[in-house]
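# Analysis of the macromolecular model
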Amino acid sequence: MDTEPSPAGAGRPDGPPVRLGALVPLTPPGWTDAGRHLLAGLDMAVDEVNAAGGVDGRPLELTVRDTAADPHRAEAVVDELAALGVSALAGEYHSVAARAAATRAEALGVPFLCSSAVLDALTGQPTESIARIAPAQSHGWRLYADFLLGAGHRRIAVATEPGAYWASGAGVLRDHLAPHGGTVVGLDARTLTPDAVCDALAGSGATALLLLVGSPEPAVSIVRSVRGDRRLSGILIGAPAGQPEFGSWAASLGCDGAAIPFLRYLPERLGPLGARVEKDLRERLGEAPSFVALEGYDTVTVLAHVLRSHGADRARVAAAWPGVSVEGTRGLIRFSRTPGIGVRQWTWAPVQVADRDPSDPGRFRVLHTG
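This report concerns the structure included in the present document. Residue positions within a chain follow its written sequence, with the count starting from 1. For this predicted model, a pLDDT threshold of at least 70 governs which residues receive local features, and a threshold of 80 or more governs which side-chain atom pairs are given and counted, while totals over whole chains, interfaces and linings are taken from all residues. Side-chain measures were taken over the full set of non-hydrogen atoms in the model, leaving aside hydrogen atoms and water.

The side chains of a regular strand alternate, first on one face of the sheet and then on the other. Of all 7 residues making up strand β1 (residues 18-24), 6 are buried, and the element is well covered by its neighbours. In this description, strands pair whenever DSSP reports at least two bridges between them. For the purposes of this entry, the term helix denotes a DSSP run of H or I that reaches at least four residues, the term strand denotes a run of E that reaches at least two, and both are numbered from the N terminus. Sheet topology places β1 next to strand β2 (residues 60-66); 7 bridges connect them, and they run parallel. Within β2, the position partnered with L23 by the bridge is R65. Traced from β1 through helix α1 (residues 32-51) to β2, the parallel crossover comes out right-handed. Bridging between β1 and strand β3 (residues 88-91) involves 4 bridges; their strand directions are parallel. Looking across to β3, one finds that A22 is bridged to A90. Throughout this description, buried means an accessible area under 20% of the type-specific maximum (1.4 Å probe, protein chains only), exposed means over 50%, and partly exposed covers the range between. Think of it like this: strands point away, you trace from the first strand over the helix to the second, and a clockwise trace means the crossover is right-handed.

Written out as structure tokens, the structure is:
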């Protein structure tokens, strides 16, 4: 595999570095847990590439910039990294920042391999220079809707904040549930306090409440209020955006944060490469790595393969996406054109609906796969 470490004594790469720009949310309002895991995966893969001799004897160098989930900041970061001469861009977790970065990267002719952002409309029109590791939101959220239907939920309340990602997710749910007799009731988390969300939910007839809101707040406060309201003891709380994946969720909520189904992009069982990478990332992070860390590792693995086979020229990197066939931590990564999606897409990373076990919030249960 391209990024497997070389045996002891192998020569270290020298010469001018091959630069990659990394876009990562490291400060609020970005989800900093996701940013930390994403960066750990990116960094680890770069270290392994260099331990294996680099890119044609040249070291791979990661230049990291914080987007803080801000689209304007993401655009400025792309401008800066392009001026520094990076061969490609990698990373980003938040869809709104990734969309801004992708648009700017396309305008500047810088290839961008997006690690984690899932918004279908990552670009306004089809592009040749942008590719994506993460599955599209419409794919994952339809599977989540299937999980809800299978569990007997037909009337779903969604606590929402404004934003393209949340609006897109709510639309996917409505469109997929409607043919099966399902309905979606919107609750505006901007204007309703957590207690007011509970009052609205109690009178809505909904059997599930989905958190289409930021983390930790207002998501944590809404969960606490719902869990503490006797009227809502039978309500399923769900978080398709994946907030419960990260350790800070369990640290903030304890058992209240368990039994909240969310989307994660993992197979039921990792293969040998995935298991090794997961083990090494656990040591780096000091905690169990999320799927986001694996997405970061896979991103650099793909880019290292492309750089070795096609060189560091930006146009040649962008032209290489259709021919990629690289073993990642969660399966064989290939990019294709997918209807309705403007970027080259891995179709698809494995998808799970999982939750934290109420008897042991540090353990995950797989509830549904796709």
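Now, onward.
For the rest of this paragraph, the subject is the packing of aromatic side chains. For any pair of aromatic rings, the description consists of the separation of the ring centres together with the inter-plane angle of the planes. In this analysis, rings of Phe, Tyr and Trp, with Trp reduced to its six-membered ring, are considered paired at centre separations within 6.5 Å, and the interplanar angle assigns stacked below 30 degrees, edge-to-face beyond 60, and tilted for intermediate values. Under the criterion given, the structure shown has 7 aromatic pairs. For the ring pair W31 and Y93, a centre distance of 5.7 Å and an interplane angle of 40° mean the geometry is tilted. Residue W31 is found in the loop between β1 and α1, and its partner Y93 is found in the loop between β3 and α3 (95-108); the two are separated by 62 residues along the sequence. Summarising the burial analysis for this pair, W31 and Y93 share the class buried.

This part takes up the nonpolar core. Here, nonpolar core refers to any group of buried Ala, Val, Leu, Ile, Met, Phe, Trp, Tyr and Cys residues whose side-chain atoms link them within 4.5 Å. Counting residues in hydrophobic clusters, the biggest one holds 76 residues, and the most contacted among them are L60, V302, W321 and F335. If one sorts the elements of this core by residue count, helix α10 (residues 291-310) sits on top with 11 residues. We call two residues in contact when some of their heavy atoms are within 4.5 Å. Those residues in contact with L60 that lie beyond four places of it in its chain are V18, L20, V46, V49, N50, V55, V300 and L307. Membership of the second largest hydrophobic core comes to 26 residues, among which are A157, L209, W249 and L253.

With the exception of glycine, the majority of residues adopt a negative phi angle, and the majority of peptide bonds are in the trans configuration. With an omega of 5°, the peptide bond running from S215 to P216 counts as cis. Inspection of the secondary structure assignment puts P216 in the loop between β8 (208-212) and α7 (219-227). That bond from E217 to P218 is cis: its omega, 5°, falls within 30 degrees of zero. With respect to the helices, strands and loops of the structure, P218 is situated in the loop between β8 and α7. Positive phi, normally seen in glycine, also occurs at A68, with a value near 55°. Mapped onto the secondary structure, A68 falls in the loop between β2 and α2 (71-83). Look at A68 and you get buried, because its relative accessible area is 5%. For A69, which is not glycine, the phi dihedral falls at a positive 65°. Its place among the elements puts A69 in the loop between β2 and α2. Using a relative accessible area of 15% as the deciding quantity, one classes A69 as buried.

Contact geometry for helix α6 (residues 194-202) and α7: axes closest at 8 Å, N-to-C directions at 50°. Relative to α7, the element α6 lies oblique. As α6 runs across α7, the sense of the crossing is right-handed. Contacts from P194, D195, V197 and C198 in α6 reach S221, I222, S225 and V226 in α7. Side-chain classes are defined by residue name, with Ala, Val, Leu, Ile, Met, Phe, Trp, Tyr, Cys and Pro counting as nonpolar, Asp, Glu, Lys and Arg as charged, and the others, Gly among them, as polar. Within the contact of α6 with α7, the residues separate by chemical class into 5 nonpolar, 2 polar and 1 charged. Axis lines are fitted through C-alpha atoms, for helices just across the contact stretch, and the angle between N-to-C directions can take any value from 0 to 180 degrees. Orientation labels follow simple angle bins: below 35 degrees gives roughly parallel, above 145 gives roughly antiparallel, 65 to 115 gives roughly perpendicular, and whatever is left gives oblique. Less than a right angle of anticlockwise turn of the near helix away from the far helix marks a crossing as left-handed, whereas a clockwise turn marks it as right-handed.

Mapping E295 onto the fold places it in helix α10. When charges are counted, neither His nor the chain ends are considered; positive counts come from Lys and Arg and negative counts from Asp and Glu. The salt bridge criterion pairs a side-chain nitrogen of Lys or Arg with a carboxyl oxygen of Asp or Glu, the two atoms within 4 Å. Despite its burial, E295 pairs with no opposite charge; the closest candidate is R330, at 4.2 Å N-O. Residues contacting E295, with those up to four places away along its chain left out, are S115, S116, I133, A134, Y265 and R330.

Attention now moves to the sheet that holds β1. Sheet architecture is open: 7 strands sit in the order β2-β1-β3-β4-β5-β14-β13, paired in mixed fashion. In this open sheet, the two edge strands, each paired with only one partner strand, are β2 and β13 (335-336). As defined by bridge partners, β13 adjoins strand β14 (residues 344-346) across 2 bridges and the pair is classed as antiparallel. When the bridges of β14 are listed, F335 appears paired with W346. Running at roughly 150° to β2, α2 makes contact with β1, β2 and β3 of the sheet. Strand contacts of α10: β1, β2, β3, β4 (112-114) and β13, with the helix running at about 160° to β3, the strand carrying the most contacts.

The next subject is the environment of F364. Summarising the element assignment, F364 is placed in strand β16 (residues 360-369). As for F364 and G109, which are separated by 255 residues in sequence, their C-alpha atoms are 41 Å apart. Apart from residues no more than four positions distant in its own chain, F364 is found in contact with P244, E245, F262, R264, D355 and R356.

Quick look at the pairing of β16 now. The pairing of strand β15 (residues 352-357) with β16 spans 6 bridges and is classified as antiparallel. Looking at β16, one finds that V353 is bridged to H368.

So, on to the state of the cysteines. When two cysteine sulfur atoms lie within 2.5 Å, the pair is treated as a disulfide. What the rule picks out here adds up to 0 disulfides. Summary of cysteine pairing: C198 is not part of a disulfide, and the nearest cysteine sulfur, belonging to C255, is at 19 Å. With relative accessibility at 54%, the residue C255 sits in the exposed group.

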